[in-house]
Amino acid sequence: MSVEIDKYKFNTLVSDVKEIISSARQQAVRSVDFSRVQMYWHIGRRIFVEEQEEKDRAEYGTYLIKNLARQIEPEYGSGFSVRQLELCRQFYRTYPIANALRAQLNWTQYKKLISIDDGDKREYYELEAVNNGWNGRELERQVDSLLYERLLLSNDKEAVLAVARGQRIPEAPEEIIKNPMVLEFLGLERKAGYYERDLESSIISHLADFLLEMGKGFTFVARQKRILLEDDEFFADLVLYNRLLKSFVIIEIKTGKLTHQDIGQLQTYVNYYDRCEKTADENPTIGILLCTNKNDTLVKMALPLDNTTILANEYRLYLPSADELVKEVDVVKAKIAGIEE
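Rules used in this analysis
Numbering of residues starts from 1 in every chain and runs along the sequence as written. Reporting in this predicted model follows two pLDDT cut-offs: at least 70 for local features of residues, and 80 or more for side-chain atom pairs to be given and counted; totals over whole chains, interfaces and linings ignore these cut-offs and use all residues. With hydrogens and water excluded, all non-hydrogen atoms of the structure serve as input to the side-chain values. The criterion is simple. A nonpolar core is a set of buried Ala, Val, Leu, Ile, Met, Phe, Trp, Tyr and Cys residues joined through side-chain atoms within 4.5 Å. The buried label goes to any residue with under 20% of its type's maximum accessible area, the exposed label to any with over 50%, and the partly exposed label to all in between, with areas taken from a 1.4 Å probe on protein chains only. The secondary structure listing takes helices from DSSP runs of H or I that are at least 4 residues long and strands from runs of E that are at least 2 residues long, numbered from the N terminus. Contacts were defined at the residue level, with two residues in contact if any of their heavy atoms lie within 4.5 Å. Only strands that DSSP links by at least two bridges are regarded as paired with each other.

Engineer: I keep staring at the nonpolar core and nothing clicks. Help me out?
Structural biologist: Considering soluble globular proteins, one finds that nonpolar side chains tend to be buried as a cluster. Formed by 33 residues in total, the largest nonpolar core has its most connected members in F91, L101, Y110, L113, Y124 and Y125. Of all the secondary structure elements, the ones that give two or more residues to this core are α1 (7-52), α3 (82-94), α4 (107-113), α5 (119-132), α6 (136-144), α7 (147-152) and α8 (157-164). Excluding anything up to four places from it in sequence, Y124 contacts L147, Y148, L151, V160, L161 and A164. If you look at the next biggest cluster of nonpolar residues, it comprises 25 residues, including L186, L199, L211 and I288.

Engineer: Looking at this structure, I do not really get unusual backbone geometry. What am I missing?
Structural biologist: Backbone phi values are negative for most residues with the exception of glycine, while trans is the configuration of most peptide bonds. Positive phi values are uncommon outside glycine, yet L146 reaches one of about 55 degrees. Locating L146 in the fold gives a position in the loop between α6 and α7. Not every positive phi belongs to a glycine, and E230 is a case in point at roughly 55 degrees. Inspection of the secondary structure puts E230 in the loop between β2 (218-229) and β3 (232-242). Here E230 falls in the exposed class, since its relative accessible area comes to 77%.

Engineer: Just checking my understanding: could you explain the pairing of strand β4 (residues 247-253) for this structure?
Structural biologist: Within a regular strand, side chains alternate between the sheet's two faces. The element β4 is largely enclosed, with a buried count of 7 among its 7 residues. Of the two faces of β4, the one lined by S247, V249, I251 and I253 and the one lined by F248, I250 and E252 are each fully buried. Hairpin remark: β3 followed by β4, antiparallel, with 4 residues in the connecting loop; positive phi at K246, about 55 degrees. Here β4 runs beside strand β5 (residues 286-291); their pairing, made up of 5 bridges, is parallel. Each bridged residue has a counterpart across the sheet, and for I251 the counterpart in β5 is I288.

Right, dumping it as structure tokens:
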């Protein structure tokens, strides 16, 4: 007896079952991860409560943790070392309400979060890690590259937190796109310069990381998008789309100093997309010039006074130290303050 199988229906069945298995496994891993988070929170709470009963809490706390680790580490392993128990105590003191813990975050992510002293900054990264599904590596990179500080260069703190909390939708590209952008994930060797096509190829090879660095809501549309204007042929380096801003985003990559010709070229591409590609329900196209060096006065003079769609953003190919980034952010803030005055 032969049995005929509808191949399409069978393949759909296979796909659905695989999805069920994968989803169940992911949920199991998340459940285990969150159980670990809760365990460390309860340990931190127990240590803290014990300390509170002593007058000289700081001295007694050190003594308590060292002796506690000596008793439990041989049996339970390095996850209960002196350093780990100190982190448990810090974890409880940072998050004293158990219901405030988020099941989407694991212990690696919470360790990074409790290292942030500023409460608003910590809340921002906590919310963004949940909203964007960042893993531990992605959260660490965003903190180390000062994502929060770079966004504050062109936004006030309340606006940045409101977007993270889901209280408002970004309305301007500056609310999403950072300046400067840090592209250390491209893994390029340190040398004097690169061809633009090499930098573009490297971005395409690391597209997921690039979209993460760009900001919220970006998707890839095209590379070297051909634009034909009568008999003249042009190619836009990268075209993205942002679903939050409801706008096409055209990116031109420059490895040298920005010129007014570069700005004019990008403006042409933006005009083309506005007039020939975008639909009536979409917002004006955004153009971004990624460059290593820019003349702010040149950019201002080359664009209309009411310009809101052309951005000239600097990029860094290597991740500076935290101190170097803080100094750079402070310099830009001072420059902005001087312009406003």
